[in-house]
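# Summary of structural features
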Amino acid sequence: MKIAITGSTGLVGSRIVELLNNDFTFLPLNHSSVDITNADSVKNVLENLDYDLLLHCAGYTDVDGAEKEKEKAHLLNVTATKNLLELSQRKQKKLIYISTDFVFDGANPPYDENSTPNPIGYYGQTKHEGEKVVKDHAMIVRISYPFRRQYDKRTDFFRSIKSLLEQNKPVAGITDSLFTPTYIDDIALGLRYLMNNFSAETFHLIGSDSISPFTAFQTIAETFNIDSKLITPTTYDSFFQNKARRPRLGTTISIKNNFQKMKSFKEALIEISASIK
C-alpha cells in the first residue's frame, strides 16, 4: 500500500515512517514540495501522485502559540485538512486525520470515541473544526500527549522533564489534573492495523492509564534513577495561570481499540529504559 503522508518529519510522523517502512511505501509530502494550506499547491502535487491512503499527521500543535497565531493555526489545522480531503475525495482515496484529546473540555471524563467534543482553547477548537471537515468522509484518530525514546528535531514532555531532572533543575508537577500519555510506538502499530482496515469513523489510540503530571514526573525519576526531590507539587490553576487552558481531567479511553495493546506510562518507560541500556 502506498501512503502519502504529511508531517513525516514531525514527532509522531517520523516514528510512524521508521517503524512501518517495511509494511508500506511512504510518499512524504514535505513543506518544500507542497503547501498544504494552498489548494492549488495541493492539487498540483497530489493530482498525479499514485497513492492509496493519505495519512494527515501535519498540524499546528503549539497550544499556547495558537492563542496568538490564530490565523496560522486555523490554516494548518482546518484549511489544510479541507484541501487534502477535497483532493483525496476527487481521486477516491482514503484519508486518516490525526487529531487530539484537546477537543474535549476536561470537565466530565472519561472521554471515549462517542464523547461529544467541547474544546476550551483555540488549538482544540481548530482540531475539532478539522474533525468536522472530515467526519463521515475520513478516519479520525485521536492521540494524547505522545512521547518517544529519542528525536533530535523536537522534544516531548517526557524527554523535557527527564532532561531537566538530569541537570538537577527543579520541576513543578500538577497534582490535581489528569492526562493520558501515549507511547508513539504504540500509536504507529495501531495505525498499521487501521490503515489496513480502513473505515470512516473515529478511533482513540491512547495510553492505557491516566495520571497526574506529578505522578508522571515521579515515575520518570524512579524509572531512570533520578533524584525525585527536585519535583515539587503545584496546582492546575497556578501552573496554567496566564497560559492557554488545557483539559483539566483528561482521562481518555477507547471503546473500539481491540487490535493494539497500548502501554501504560510506566510500561513504556521501562521499555525505553531497557532499550537505552
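Residues numbered from 1 in each chain as written. Predicted model: local features only at pLDDT ≥ 70, side-chain atom pairs only at ≥ 80, totals over all residues. Heavy atoms only, no water.

### A word on the environment of I206
Topologically, I206 is positioned in the loop between β9 (202-204) and α8 (213-223). In the structure, I206 is positioned 60 residues away from P146 in sequence and 8.5 Å away in space, judged by C-alpha atoms. For I206, the residues in contact, after removing those within four places along its chain, are R142, I143, S144, T180, T182, T252, I253, S254 and M262. (Helix = DSSP H or I, 4+ residues; strand = E, 2+ residues; numbered from the N terminus. Contact = heavy atoms within 4.5 Å.)

### Some remarks on the sheet that holds strand β5 (residues 139-143)
Paired through backbone hydrogen bonds, the strands of a sheet run either parallel or antiparallel to each other. Strand order in this open sheet of 6 strands is β2-β1-β3-β4-β5-β9, and the pairing throughout is parallel. Every interior strand has two partners, whereas the edge strands, β2 (25-29) and β9, have only one. Taken over all neighbouring pairs, the strand axes of this sheet differ in orientation by 25 degrees on average, direction set aside. Where strand β1 (residues 2-6) and β2 come together, 5 bridges link them in parallel fashion. Considered in β2, the bridge of K2 is made with T25. (Pairing = 2+ DSSP bridges. Axes fitted to C-alpha atoms, helices over the stretch in contact; angles between N-to-C directions.)

### A closer look at the pattern of salt bridges
If charged atoms from side chains of opposite charge come close, those side chains can pair. Taken as a whole, this structure holds 19 salt bridges when the rule is applied. A salt bridge links R15 to D185, with the nearest nitrogen and oxygen atoms 2.8 Å apart. Note that R15 is positioned in helix α1 (residues 13-20) and D185 in helix α7 (residues 184-196), a separation of 170 residues in sequence. Note on accessibility: R15 and D185 belong to one class, buried. Salt-bridge contacts for R142 lead to E131; the nearest nitrogen and oxygen are separated by 2.8 Å. Of this pair, R142 sits in strand β5 while E131 sits in helix α5 (residues 122-134), and the two are 11 residues apart along the sequence. Look at R142 and you get buried, because its relative accessible area is 4%. Taken together, the shared-partner salt bridges connect R15, E18, R148 and D185 into one network. (Salt bridge = Lys/Arg side-chain N within 4 Å of Asp/Glu carboxyl O. Buried < 20%, exposed > 50% of the residue type's maximum accessible area, 1.4 Å probe, protein only.)

### Describing the side chain of T234
As for its position among the elements, T234 is in strand β10 (residues 231-234). Judged by its relative accessible area of 15%, T234 is buried. For T234, the contacting residues outside a window of four places in its chain are A172, G173, I174, T175, D176 and F239.

### A closer look at α5
Spanning 13 residues, α5 covers 19 Å between terminal C-alpha atoms, matching the ideal 18 Å at 1.5 Å per step. Those residues of α5 that fall on the buried side of the exposure criterion are Y122, Y123, G124, T126, K127, H128, G130, E131 and V134. (Expected span 1.5 Å × (residues − 1).)

### Re α8
Within α8, 8 of the 11 residues are buried, which leaves it mostly tucked inside the rest of the structure. Phi for N225, located one or two positions after α8, is positive at around 55 degrees.

### Observations concerning the side chain of T100
Mapped onto the elements of the fold, T100 is located in strand β4 (residues 94-100). Among the residues examined, T100 registers a relative accessible area of 5% and is labelled buried. A polar contact of 3.3 Å, which involves the side chain of T100, links it to the side chain of D101. Separated by 3.0 Å, the side chain of T100 and the backbone nitrogen of F102 make a polar contact. In contact with T100, not counting residues within four places along its chain, are Y123, K127, E131, R142 and I143. (Polar contact = N/O pair within 3.5 Å; in protein donor to acceptor, adjacent residues only side chain to side chain.)

### Section: the packing of aromatic side chains
Under the criterion given, the structure shown has 17 aromatic pairs. Between F147 and F158, the ring centres sit 5.9 Å apart and the planes meet at 65 degrees, which makes this aromatic pair edge-to-face. Here F147 is found in strand β6 (residues 146-147), whereas its partner F158 is found in helix α6 (residues 157-166), with 11 residues between them in sequence. Residue F147 is classed as buried on the basis of its relative accessible area of 1%. Residue F158 is classed as buried on the basis of its relative accessible area, which comes to 1%. Members of the aromatic cluster, connected to one another through ring pairs, are F102, Y123, Y145, F147, F157, F158, F179, Y183, F224 and F265. Here K162 stacks its cationic end above the ring of F224, 5.1 Å away from the centre of that ring. Cation over ring: K243 sits above F239, and NZ or CZ is 4.4 Å from the ring centre. (Phe/Tyr/Trp six-rings, centres within 6.5 Å; stacked < 30°, edge-to-face > 60°. Lys NZ or Arg CZ within 6 Å of the ring centre and 35° of its normal.)

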